[in-house]
Amino acid sequence: MTLLEEFGLWLKTLNWPEWAAYVVPALLGIVVVLGFVLALVIIFIWFERRLLARFQVRLGPNRLGPEGIFQPLATGLKVLLKEDIVPAKADKVVHWLAPIVVFAPILLIFAVVPLGQRAIFADLNVGVVYVVAISSISAVGIYMAGWGSNNKYALLGAMRSIAQLVSYEMPIVLSLIGVVLMAGSLSMTKIVEAQAIPFILLQPLGFAIFFLGALAEMNRSPFDLLEADSEIVAGFHTEYSGMKFAMFYMGEFGHAVTYCCIIATLFLGGWQGPLLPPIIWLLIKVFALYFVMIWIRATMPRLRVDQLMGFAWKALFPMAVVNLFVVAAEVLWLQTITPWVIVGINFVLAVFLVLMWSRLFTLGGGRVEV
Amino acid sequence: MAIKTEPFILNMGPQHPSTHGVFRMRVTLDGEVIVGLEPIIGYLHRGIEKLAEGRTYIQNMPFTDRLDYVTSMTNNLAYAMAVEKLAGIKVPERAEYFRVVIAEMMRISSHLMGVGFFLNDLGAMMTPVLYMWREREKVVDLFEMLCGQRLTYNYMRFGGVSQDVPEEFWPALKRFVAEMPKFIDEYEQLLSLNEILLARTKGVGILPSDMAVNIGASGPVLRASGVKWDLRRADPYSIYDRFDFDVPVGSVGDCYDRYMVKIEEMRQSVRILEQAIAQFPAKGELCANVPLLLRPPVGEVYGRIEAPKGELGFYLVSDNSIAPYRFHVRTPELINLTALREMTIGWKVADLIIIFGSIDICMGEIDR
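All of these numbers come straight from a predicted model, not from anything done at the bench.

Our focus in this paragraph is the overall build of chain B. Looking only at helices and strands, chain B features 15 helices and 8 strands. The C-alpha radius of gyration computed for chain B amounts to 21 Å, which stays within 12% of the reference 21 Å derived for 368 residues, consistent with globular compactness. Structurally, chain B occupies a C-alpha span of about 80 × 45 × 35 Å along its principal axes. Across the 368 residues of chain B, 51% fall into the buried class. Counted over contacts in chain B with a minimum sequence separation of 6, partners at least 24 positions apart contribute 70%.

Structure representation (structure tokens):
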């Protein structure tokens, strides 16, 4: 039973009407989750700007507040006061709706992310399916933005986004199934509880595939093709300004927050950890993941669009299939022996597969005769 | 049912983050594939060649700063050498050494920017650029000691250089030369063997050697195509015959070769700098005695040097007046750029950006 449900029951013992005992905890939960996500988004913005600056031998924002912690707030204020420009020939409704369609699903996903043992908004028994379903909606929003802007750069970015997000959904889901098989449940809470040994050890390959897929899903370097600023300026949000742009900006970091939380939950043991309170453990894992993502962003060049698709379909997808079958076989036949044997097998398998693919697989693509 | 598709025209630039200035390309795209490309230049045209005809020879020196503003010193040098050839001025030895040291520092600085922005075009989010700017900053600091300027130096004079260096210049230069090889290794470790970089640049935007020669390409673009042509060796000017250095060449002429040639040239420049500092004459004249209102004899002259980006030549015609009758600049970047269409057709939008970036241009010189 989650804390919110318990709160509802307690309200009922105080003779609150049935609907109030349902609505009040729900509203409270919404406020807490929203507060958590938005606060984390703001901290992530600061963290990324500051850390990226450190990687790039510069200082980064350091004026507003200690270590520049209030800079994102100032940026937000500036963006709020900016003029909102809509291109003359844009599809006004779609253009207006797109930032909301991109941003809302990010908040929705947090309904099933456990922040502590019972601190979860809704402990759905199909939590993983919910996550996969909701996180795909953002692709529609990005396409709406590209289409509605009536801008060729935006359209190019939007076209790229559809191809990219649809392709990377496959390996992500396949590596998720491995986790679900091992945990024996689709519920996020159960998956966390099943991780006496974190799944990153039990399925290193699954983690790697999910991590790379997540980078592509949230459009981060080296898969940031849809907003490749050196190629197509800003991609789908070229024509956005003011608060609508801020929605995309926050959406980008919101995506990072969500995927970090999901990876931490599914592979790193979520809120579990000794001594410290659960929420602190979750945050430690989230920030560690985000650090790696910033590190990659600060270093890696970008893939080309055909190489990106080739990487998804020729490398990640087959590896995810192999990983899935191996995990299924282990769950079926090796359940009685100690899990450390499975850890060993899977590490060897991961190293072997990655080495083999790095030898055999070529990104391909290249010049087209025209 | 087959969906009807048609190519569309994308206007890249003049306002675009990767056009390195105000270059405009009208690109015809079939999806992501480039089927047509029309470069449009002239957005930064200032009429320098015509303006120069109304000014005295020395007054034209600051104009050359504003050609390729990333390599002002070598522009100064090329112009000064053309005028010296026209007027028959002899340059003192110490000034020649100054010129070589400065030219090689300028080459390092220009290649740092070229390589850095090339990697930035590849999508490596500013990090390589900012690392390379750390070193460029040192070069710029040294130039500031020389002449007080950080971008447009106006340092060369006909028959020498304008002023002597302060004492603190030499230790700073020696430290820079000593540290530079380590930093070049650092850049190479960061990305040169990166899988994504190799996949993106190997075999992309090939400029075959015969086409490179036919269009008149020069500099790293020509050498990356495998043609060993460096004016410092092929037509030695100044005192370059006194130094021992190699001319790095590429093999196929793709973006990766153009990237590696620039990296290698930086190493060679460091070698030249080391030798030049060791041989540097302690005492001597800085500048030959040249009248302020120079009246070169009637005649025409073409003076050329190996600028960081290729053969930079000045064609000057004198009618024995105080101003040049004709002032023409042979800019390497404009000529290197002429093969852009042939190099990019069939590649994708992302490749267009890196091919364009690998040519390493600066609009100030192309539009003049």
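Our next topic: the overall build of chain A. Scanning chain A for helices and strands turns up 14 helices and 0 strands. In chain A, the order of α-helices and β-strands from amino to carboxyl end is α-α-α-α-α-α-α-α-α-α-α-α-α-α. For 370 residues, the compact-globule formula gives about 21 Å, and the C-alpha radius of gyration of chain A, at 22 Å, lands near that figure. Projected onto the principal axes, the alpha-carbon positions of chain A cover approximately 65 × 65 × 40 Å. Burial status across chain A gives 46% buried among its 370 residues. Within chain A, contacts between residues separated by at least 24 positions form 76% of all contacts whose residues are at least 6 apart in sequence.

Moving on, we come to the sheet that holds strand β2 (residues 24–30) of chain B. Residues and elements named next belong to chain B. Spatial strand order, β1-β2-β3: 3 strands in an open sheet with antiparallel pairing. Each end of this open sheet is capped by a strand with a single partner; those strands are β1 (8–12) and β3 (33–40). Each strand of the sheet is rotated relative to its neighbour by a mean of 20°, with strand direction disregarded. Here β2 runs beside β3; their pairing, made up of 7 bridges, is antiparallel. What sits directly across from D30, in β3, is V33.

On the chain A side, the residues contacting the 35 residues of chain B number 30 residues. Counting only elements with at least two residues in the side of chain B that touches chain A, the list comes to β1, β3, α4 (93–121), α5 (127–147), α7 (195–201) and α14 (349–359) of chain B. Looking at side-chain class alone, the side of chain B that touches chain A contains 21 nonpolar, 8 polar and 6 charged residues.

Axis angle and axis distance: for two packed helices, these are the angle between their axes and the distance between the axes, and together they describe the pair. All names here are of chain B. Orientation of helix α3 (residues 72–87) relative to α4, taken along the N-to-C sense of each, is 140°, at an axis distance of 8 Å. Of the possible angle classes, the one that applies to α3 and α4 is oblique. Between α3 and α4 lies a crossing whose hand is left-handed. Residue-level contacts link M73, T74 and L77 of α3 to R99, I102, A103 and M106 of α4. Of the residues contributing to the contact of α3 with α4, the split by class is 5 nonpolar, 1 polar and 1 charged.

Our next topic: the nonpolar core. With 215 residues, the main nonpolar core has A256(A), V257(A), C260(A), I263(A), A78(B) and V83(B) as its most contacted residues. Considering every element that reaches this core, the biggest residue donor is α4(B), with 16 residues. C260(A) has contacts with V286(A), L289(A) and Y290(A), leaving out every residue within four places of it along the chain.

Next up on the list: the sheet that holds strand β8 (residues 326–330) of chain B. Through backbone hydrogen bonds, the strands of a sheet pair up, either in parallel or in antiparallel fashion. All names here are of chain B. Pairing is antiparallel across the open sheet formed by 3 strands, whose spatial order is β6-β7-β8. Edge positions in the sheet fall to β6 (299–307) and β8, since each of these pairs with one other strand and no more. On average, each strand axis in the sheet is inclined to that of its neighbour by 15°, with strand direction left out of account. The pairing of strand β7 (residues 310–318) with β8 spans 5 bridges and is antiparallel. In the strand pairing of β8, Y315 is matched with H328. With respect to the sheet, α3 is in contact with β6 and β7, its orientation differing from that of β6 by roughly 150°.

Right, let's talk about the environment of Q163(B) for a bit. Mapped onto the elements of the fold, Q163(B) is located in the loop between β5 (160–161) and α6 (169–192). Put simply, Q163(B) and E195(B) are 32 residues apart on the chain and 48 Å apart in space, counted from C-alpha to C-alpha.

This brings us to helix α6 (residues 137–148) of chain A. Each α-helix turn comprises 3.6 residues. Residues three or four places apart therefore point the same way. Residues and elements named next belong to chain A. For α6, spanning 12 residues, the distance from its first C-alpha to its last is 17 Å, which sits close to the expected 16 Å at 1.5 Å a residue. Among the 12 residues in α6, 9 count as buried, and that is most of the element. When we look at burial in α6, the residues that qualify are S138, A139, G141, I142, Y143, M144, A145, G146 and G148. For α6, the elements touching its buried residues are α4 (92–109), α5 (127–135) and α7 (152–183). Where α6 terminates, the next one or two residues include N150, which has phi positive at roughly 55°.

Residues and elements named next belong to chain B. By secondary structure assignment, the location of E168 is in the loop between β5 and α6. Taking the number of C-beta atoms within 10 Å as the measure of exposure, E168 has 10 and is therefore exposed. When the C-alpha positions of E168 and M145 are compared, they lie 8.3 Å apart, and in sequence the two are 23 residues distant.

Before going further, it helps to examine unusual backbone geometry. For N154(B), which is not glycine, the phi torsion reads 55° and is therefore positive. Judged by the 19 C-beta atoms lying within 10 Å of it, N154(B) is partly exposed.

Another aspect to go through is the confidence of the model for chain B. The predicted model of chain B averages 86 in pLDDT, with 100% of residues at 70 or higher. In the predicted assembly, ipTM is 0.81 and pTM is 0.85.

Residue and element names in this part refer to chain B. Here β6 runs beside β7; their pairing, made up of 9 bridges, is antiparallel. Counted as the bridge partner of V301 is L316 from β7. Here β6 folds back onto β7, and the loop between the two strands holds 2 residues.

Cut-offs used in this document
- Residues numbered from 1 in each chain as written.
- Chains lettered and ligands numbered in written order.
- Predicted model: local features only at pLDDT ≥ 70, side-chain atom pairs only at ≥ 80, totals over all residues.
- Helix = DSSP H or I, 4+ residues; strand = E, 2+ residues; numbered from the N terminus.
- Rg over C-alpha atoms; globule rule 2.2 N^0.38 Å.
- Buried ≥ 20, exposed ≤ 12 C-beta atoms within 10 Å, placed from the backbone.
- Contact = placed C-beta atoms within 7 Å.
- Pairing = 2+ DSSP bridges.
- Axes fitted to C-alpha atoms, helices over the stretch in contact; angles between N-to-C directions.
- Nonpolar A, V, L, I, M, F, W, Y, C, P; charged D, E, K, R; others polar.
- Parallel < 35°, antiparallel > 145°, perpendicular 65-115°, else oblique.
- Left-handed = near helix turned anticlockwise from the far one by under 90°.
- Core = buried A, V, L, I, M, F, W, Y, C linked by C-beta atoms within 7 Å.
- Expected span 1.5 Å × (residues − 1).
- pLDDT = per-residue confidence, 0-100.

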